Amino acid sequence: MADYDRRQPGGGGGGSGGGGYNSRKRRYRASGSSSSFTSLPVLSSGAVRRRIVGSRVADGLSLDDDEYDRRPQRRRYDAPLPVRIRKQLLGLAESPLRRWHEEVQSIAQVIAESHEDQELQTSFLDLVPQMVLEQPLKIPFVAAVVLVVNSLKPALLDPLLARITSVTEERAREGEWRDVKLYLKFLACLQSCLEGDGLFPVLDELFSRAVDLQTASSDDTIGTELVKIILLTIPYILAAAPSTESEQKAAELMDKTDIIASEPHALQILIDPYHTEKGTESPVANSSLIGLLQKQLQNEASNGWPLSCLPRPWRMPLEEIEQQEKLDNAQKHALPTISLPEKVTTGPRPLFPEIYYSVYIHQDVESVPPASNVASSVIRDALLDTINVLHFNRNVTARFLIDADCYFAPGTFIKRATPFDRLRDMDGDRSSWKPEDVAVDAVFSQLFQLPTPEHKLVYYHSVLTEACKIAPAAIAPSLGRAIRYCYQNTYRLDLELSYRFLDWFTHHLSNFGFMWKWTEWVEDVNLPDMHPCKSLILGALDKEIRLSFAQRIKGTLPEPYQALIGPEKEQDTPEFKFNNEHTPFSAEGKELAALLKRKVPDEEIQPVIDRIHSAALDQSIDPLVTSTDVFMTAVCWVGSKSLSHVLACIERTKDRLLDAGAASEAARAQIITAVINYWSAHPGVAISIIEKLLNYSIVTPGAVIDWALVGDCAGPYGQALSKAWVFELVFHTVVKVTGRLRQVVKGGVTEGVQEEITAMRELFKTMDDALVSWAQGTKDQLMDPVVSDGGEDLVKRWGERWLRVFRRRSAIEEAFLNENQTPT
Amino acid sequence: MRPGVRSTVDRLDAPSAYYHSRNNKRRRNDLGRDGKDGRDGDIDMADAKVDEPPEDPLKNATTLYVGNLSFYTTEEQVYELFSKCGEIKRLVMGLDRFQKTPCGFCFVEYYTHQDALDCMKYIGGTKLDERVIRTDLDPGFEEGRQYGRGKSGGQVRDEYRDDFDEGRGGLGRAIQSERMRESERNRERDNHHEDDYGRLR
């Protein structure tokens, strides 16, 4: 839906996320659904009608308009039954105005009554498993429909159970563990209509697999994933079929999972989002997801499993006592066996242990469930699945996040958009959890997921953007608090995550007029540039300017920040240093530029280069470095109009540049220096150009690393390490190298792979050596007290942070090679 | 989801209705009514291939048409935003046919189809340079398509726009020139008035 800004999201087949803004459409939907409620008992359909009339009045539409409007007559078209049922199922629980049990009953009744309608039954059979995977928040509600159907027409359940168990098997074979988890969650909600122990034997089987895997290797991640699935399924069983037997079975299972869940995973240290200084403990040191879950469930068990956040749409209110009795006495079914594959596999995505991360958990007032409460895990799990499953429609994802309170037990959250300050005044026993904080927290946990989240980071940006567009008054203040938390903790955040935060923050601001309360951080403007907070400010301003332009950004900043954006940033095309007569080789520089502008053949360039060489020799400076500087700077200047211009110019001169780059290390470094110096006010442009030079192999990845980390070119005394753009340059270069290698390995090419692997390892080695010397303070520049300005500790800290990022990268690439490389 | 199964939620990475309606129109009427739909620099479908079995030209598309840019948005800005979905292979700015200045659209080419789809999902409909931009999958750039096809050289949609859009040169160009002529006429009339006043004095 590219033209989404002109169309309603979600409408038509979408079901969820549709409706809302267009009053005409809403009225149509309302009248559509009221007509499809005709088979309902009089009481509830009357209630529906009253509500519609009420909402029309609330809309400010006079009844007269409706009464004499002839349009509704045309709209009295009834969609075929399967279509209507599909629509109602898809829209389950979406509206806080409808009551769960009414919705559930009305759908179930139609399905049970039309048991001979082949089309309807097929569509129901197809839709249920699909909804379970695509709209995970609605699983309990779909299950409730199925339970009511069972109480009315038990025969309809067997094919459904057969279908679900067979797709579960299939997904388990493929290693699609999230899908398995979702199907099991659905079956857990059906526990009350299953014979015997219901789902428990399946969980037992899963556990025995997990034990095998864990005993085989302590690095194993599938076993922990299976334990996570077990622990996340148990609460749904107990919410659906509370009984002493269930509690007994759950207790037995949890006794067993304890060993695996409570043991910190070997890889956990690698993926901790915090990188604290030596001697301090990470705020999430004890927050392994399964470890927390285990404790939370034990906690629930000792309180008799209240599980107060879970919705129980299968429980009828008092006035529906008849239906409740039918449900209680409904026929039970044997769950078809779900056999797990002989050899379980990881599936398409590498698995890592998970850490529970929250940007709100430190607050003095609880705006999200605390890590001791099972609600934190259960709600987070459902939201994360929603976010990651619905990557193909961020508008719907955002809608689900905003509506999160619709899908959990009433009273779980405080009213939407309640200001944070108001939480303090809450009564002791009422919940103070803000639904928007819980939603934003879930997205942030993905943004800050190491090693990488499931989708591109920009997806999570876009979800936050949409959520902020749908409910700015609710979401924006929550984001503000999240931003403050990240800013204040940037010093101990993993450096890669710090950079991710920077990237998201500026991208987000660019979608909302670059509005931010910069005044809050005004005091940090005077910190040294190497301070993590100042570094973040400088990085953010640069990124903002890249997405906009200097003058615009200046206009959004309070006075103390103005000095951070110098006049050179407002200049679109930087000066050509050789236009200044006093620059050495000024004449040659201008001449080369003129030649390049005229696009002369290379032969005409050579004489000028020769002249530079001989002059340089006379002054006993490196001739090639000198000529490379003049030439590359001229290329930048001639191409300064736009990236296309400079790329075209590089394309025309690439042979000369390739030769220069191949001739010496110093010349390669000079190419980079020339580009960065010319574009020093706009590092984003420089980085783009260097990326293209890497593609042409004019510069090598090693040269970029040397330039940034070894040669002191990017800033003296380790200052380079604090610059966000230097990190970006190096990070992109490394990603380019590893990405290419992965492509080659996956493509099954064997020729030259070993060379590439060696090259990659060398690259990581170079980085490691350089960074270790910064981190340990053994770098020459650092040891020289004359030149350093007392920031040694800052530099060491930056060195450590860099080191951690690239050691992790290296470890992950090695793990990838381990798994994917055919032994040679 | 498996191919062939309709998702329970619409996908944002499908080609727009515009793309399909355009192709159908071409099929029905070979003359084509260029730019009638308000988008320029569009696909010149090879007319001869019309009858061949429909191989979806977007199946492996790596290029996106990007619309509703400000005339002042630079390549560097486009790079900065669109690189978030993957490395950009090529960027072609849409230019005014006569003045050779940006006229509010561009083509972004990625290295992979997946990057292009992701861009549809994550960037289409968000803001660049404070404007909501629009992305559409495109079968690929061809020389000539970088130019606007409006009468005045820009995009067709900028000819008859009657809203004032500062980022796209104010009012529609046709309307602008209309107004210009009108004010010219008015000025002539005003001159007469001044003369008249002079005479009265």
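Residues numbered from 1 in each chain as written. Chains lettered and ligands numbered in written order. Predicted model: local features only at pLDDT ≥ 70, side-chain atom pairs only at ≥ 80, totals over all residues. Heavy atoms only, no water.

### Some points on the interface of chain B and chain A
As a reminder, the rule being used: Contacts are residue-level and defined by heavy atoms, with any inter-residue pair within 4.5 Å sufficient. Summed over both partners, buried area is the accessible surface (1.4 Å probe) that two parts give up on being assembled. Salt bridge, as used here: a side-chain nitrogen of Lys or Arg that lies within 4 Å of a carboxyl oxygen of Asp or Glu.
Between chain B and chain A, the residue contacts involve 44 residues of the former and 57 residues of the latter. Summing both partners gives a buried area of about 4,300 Å² for chain B against chain A, and 47% of it is carried by carbon and sulfur. If you sort the residues of chain B by the area they bury against chain A, Thr8(B), Lys84(B) and Tyr122(B) come out on top, with a joint share of 18%. Across the pair Glu130(B) and Arg552(A) runs a salt bridge whose closest N-O atoms are separated by 2.5 Å.

### Side note on the domain arrangement of chain A
We apply this condition: What counts as a domain boundary in this text is fixed by an automatic or database domain assignment.
Along its sequence, chain A is carved into domain 1 (81-272), domain 2 (374-568), domain 3 (571-695) and domain 4 (700-823). The straight-line distance from the C-alpha centre of domain 1 of chain A to that of domain 4 of chain A is 45 Å.

### Here we look at the confidence of the model for chain A
Applied cut-off: Residue-level confidence of the predictor is summarised by pLDDT, bounded by 0 at the bottom and 100 at the top.
Residues of chain A with pLDDT of at least 70 account for 89%, and the chain-wide mean is 88. Long-range and interchain partners of residues 1-67 of chain A, a stretch whose pLDDT sits below 50, account for 92 contacts in this model, where long-range means more than four residues apart.

### Notes on the UniProt feature "domain: RRM" (unreviewed entry) in chain B
Basically, it comes down to this: UniProt positions are given in the numbering used here, feature names are shortened, and annotations may be inferred rather than shown by experiment. Secondary structure is summarised from DSSP: a helix means a run of H or I of at least four residues, a strand means a run of E of at least two, and numbering begins at the N terminus for each.
Sequence positions flagged by UniProt for "domain: RRM" (unreviewed entry) are, in local numbering, residues 62-140 of chain B. As a span, residues 62-140 of chain B carries 23% helix and 39% strand, and end to end its C-alpha atoms are 7 Å apart.

### Overview of the environment of Lys343(A)
Residues and elements named next belong to chain A. Worth spelling out the cut-off: For every residue, the accessible area obtained with a 1.4 Å probe (protein chains only) is divided by the maximum for its type, and the residue is called buried under 20%, exposed over 50%, and partly exposed between those limits.
Tracing the sequence through the fold places Lys 343 in the loop between helix H16 (321-328) and helix H17 (374-389). For Lys 343, a relative accessible area of 65% puts it in the exposed group. Sequence separation between Lys 343 and Arg 173 is 170 residues; the distance between their C-alpha atoms is 8.4 Å.

### Comments concerning the nonpolar core
Quick reminder of the rule: Residues belong to one nonpolar core when they are buried, are Ala, Val, Leu, Ile, Met, Phe, Trp, Tyr or Cys, and are joined through side-chain atoms within 4.5 Å.
With 280 residues, the main nonpolar core has Phe444(A), Trp518(A), Trp802(A) and Phe82(B) as its most contacted residues. The greatest single-element share of this core, amounting to 13 residues, is contributed by helix H12 (residues 222-240) of chain A. Apart from residues no more than four positions distant in its own chain, Trp802(A) is found in contact with Leu495(A), Leu709(A), Ala720(A), Leu721(A), Val726(A), Phe727(A), Val730(A) and Leu771(A). Counting seven residues, the second-largest nonpolar core is a separate cluster that includes Tyr65(B), Phe71(B), Cys103(B) and Phe107(B).

### Observations regarding the environment of Lys434(A)
All names here are of chain A. Selection rule: Any pair of nitrogen or oxygen atoms within 3.5 Å is treated as a polar contact; in protein, a donor-acceptor pairing is required on top of that, and neighbouring residues in sequence qualify only through side-chain atoms on both sides.
If you trace the backbone, Lys 434 turns up in the loop between helix H19 (420-423) and helix H20 (435-447). By relative accessible area, which is 3% here, Lys 434 ends up buried. Linking Lys 434 and Ile 470, residues 36 residues apart in sequence, is a C-alpha distance of 16 Å. Once residues lying within four places of it in the same chain are set aside, the contact partners of Lys 434 are Ser 367, Phe 413, Ile 414, Ala 417, Thr 418, Phe 420, Leu 423, Ser 478 and Arg 481. Here Thr 418 takes part through its backbone oxygen, which lies 2.6 Å from a polar atom of the side chain of Lys 434.

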